[in-house]
Amino acid sequence: MTTDRSPLEPADWDTLRRDAAAALEAAISHLEHRGARPVWRPVPETVKAAFREPAPRGGADPAALLARFTGEIAAYDLGNTHPRFYGWVHGAGTPEAVIPAMLEAALNANLGGREHAAVYVERQVIAWCREIFGFPEGAGGLVVSGTSMATVLAMKAALARRFGAAIRDEGVAALPARPIAYASAEAHSCIAKAFDLLGLGRAAVRRVPVDAAFRMDTAALRALIAEDRAAGRLPFVLVGTAGTVNQGAIDPLDELAGIAAAEGLWYHVDGAFGALAVLSPDLAPRVAGIEGADSLAFDFHKWLHVTYDAGFILMRDESALRAAFSERPDYLAAAERGLAAGNPWFTEYGPELSRGFRALKVWYQLRRFGLDALGAAMAGNCRLACHLAARVDAHPALERLAPVALDIVCFRALPPAGGAQDAADALNEAIVIALQERGLAAPSTTRLGGRLAIRVNLSNHRTTEADLDALVDDTARLAAEFGAG
Ligand SMILES: *Cc1c(COP(=O)(O)O)cnc(C)c1O
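Before going into details, it helps to say that this report is about the structure given with it. (Residues numbered from 1 in each chain as written. Predicted model: local features only at pLDDT ≥ 70, side-chain atom pairs only at ≥ 80, totals over all residues. Heavy atoms only, no water.)

Observations regarding empty space enclosed by the protein
- Evaluated as defined, the whole model comprises three cavities of 30 Å³ or more.
- Computed from the structure, the largest cavity encloses a volume of approximately 50 Å³.
- Around the largest cavity, the lining residues are Leu 142, Val 143, Val 144, Met 149, Leu 153, Phe 346, Gly 350, Pro 351, Glu 352 and Arg 355.
- Those elements that provide at least two residues to the lining of the largest cavity are β1 (140–144) and α6 (147–163).
- Per-element tally for the lining of the largest cavity: the top contributor is β1, with three residues.
- Residues of the lining of the largest cavity, tallied by class, amount to seven nonpolar, one polar and two charged. (1 Å grid on protein atoms, 1.4 Å probe; cavity = no way out; pocket = protein on both sides within 12 Å on 5 of 7 lines; lining within 4 Å. Points joined across faces, edges and corners; volume = space filled by probe spheres on them. Helix = DSSP H or I, 4+ residues; strand = E, 2+ residues; numbered from the N terminus. Nonpolar A, V, L, I, M, F, W, Y, C, P; charged D, E, K, R; others polar.)

Considerations on the packing of helix α9 (residues 218–230) against helix α10 (residues 253–263)
- Across the interface, α9 lies against α10 with an axial gap of 11 Å and an inter-helix angle of 15°. Compared by their axis directions, α9 and α10 come out roughly parallel. Crossing of α9 against α10: the hand is right-handed. Facing Thr 218, Leu 221, Arg 222, Ile 225 and Arg 229 of α9, the residues of α10 in contact are Glu 255, Leu 256, Ile 259 and Glu 263. (Axes fitted to C-alpha atoms, helices over the stretch in contact; angles between N-to-C directions. Parallel < 35°, antiparallel > 145°, perpendicular 65-115°, else oblique. Left-handed = near helix turned anticlockwise from the far one by under 90°. Contact = heavy atoms within 4.5 Å.)

Some details on the layout of surface pockets
- By volume, the largest pocket amounts to about 830 Å³.
- If you trace the largest pocket, you find 29 residues lining it, with Ala 27, Phe 69, Ala 97, Val 98 and Ala 101 closest to the centre.
- Listing elements by their share of the lining of the largest pocket, those giving two or more residues are α1 (13–33), α3 (62–73) and α4 (98–107).
- Within the lining of the largest pocket, the residues separate by chemical class into 20 nonpolar, eight polar and one charged.
- Looking at which domains feed residues into the lining of the largest pocket, each of domain 1 (13–78) and domain 2 (103–370) supplies at least three.
- For the second largest pocket, the calculated volume is near 370 Å³.
- Lining of the second largest pocket is provided by 24 residues; of these, Trp 88, Val 89, His 188, Val 245 and Lys 302 occupy positions nearest its centre.
- Breaking the lining of the second largest pocket down by element, the ones donating at least two residues are α6 and β10 (444–448).
- Its residues assigned to classes, the lining of the second largest pocket shows eight nonpolar, 11 polar and five charged.
- Mapped onto the domain boundaries, the lining of the second largest pocket takes at least three residues apiece from domain 2 (103–370) and domain 3 (371–484). (Domains from an automatic or database assignment.)

Written as structure tokens, this is what we have:
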């Protein structure tokens, strides 16, 4: 039999339907039953070895590939869809997310630009972000992979605004002195990474000391700016954090907006997870002042539970972003009509030409659940954080190490009486590893004031009070097992 069918098309669409239905069933079952399994299990050597095979010359059967997904990949996942996952700042996802993921694949849209309906979905998401944060008409932005990338875009836009568009041709080496940024000592490493990437150097980010609640000390900030000006350097960006990664602390955002305006600095806010507290009437007052930012970076994939990866850069003046990135060579020229219309193109707002349709899953999540339900889940997480903090405070073997500003609780098991600091750190490290390796819970660690902390981040909508009560009991039991007082 001869055929001119593409070898990459299904030979039989009904077979594809059955294969896809089996995969959908596996995906939904995975999520339905995830909580009954350990939070995490070490990846066995056999599984690691299974992913060291030579590049395949021939194809494989979909059923065999699905078996590998369930047996080797899903069985040893990260655990962030489990109710007892508390590590770093992770989104927990929603079971519904399998729907837009599937539809996104079917469309295979390229959101670099051009005239097609998907572009209007991303524009809808952009308009919603403007509305959610109370940004003015003329504000805009772009769906990106996450806050790290959003920060690069914002810093690039700030550079071009502050030093002129010629910097795009001449580069930073042509500047008369060194551009300087200010961020708190607790700011995320993505700020310095963006400076590294843009050729400005990580040392150009001044780490402003924080107060006892881990918020930027504004007197110290003013002093550093004055010092840099006196030395002939070029202060140009102030970064406020709405929700530090270590403690969830929120810088005095309003006051920072005032300082930035008075000093002629670009005001950027890193709101990776904390910014979306605006969705809850209970939490919104904590991030008051966020609407004063020139640029705001945040994630959909953390506290909004959109699947990885999806973040956003919101600009007070969208033309600042376009001025920093627009390139329209002949082969990407704008047209008034036809497929090459749809101007401006998204590629003019960021470094990428080809871009996936991340906006679909964001649109779906917001449209499916609504802002109120998503905000209420965040407020619930913050109530859980207070519950955990109270349990820790009441426990004789545990000690809290930071105030609870949002949804993060840092604490430790008390060291053996008279024990050295090193011993206390080793004890808490051992507790966290045991919690993870025994599949009981997955907190992470950080250091606060030189002390190793057990860090519990509650951006997980599946977590309950009972889960946290179990965490307190397990931690105390392990502390006793490993020899604490
Ligand atoms: C997670 C996080 C980042 C980085 O965001 P990604 O989406 O992982 O790139 C930056 N800042 C803060 C405060 C974060 O929590």
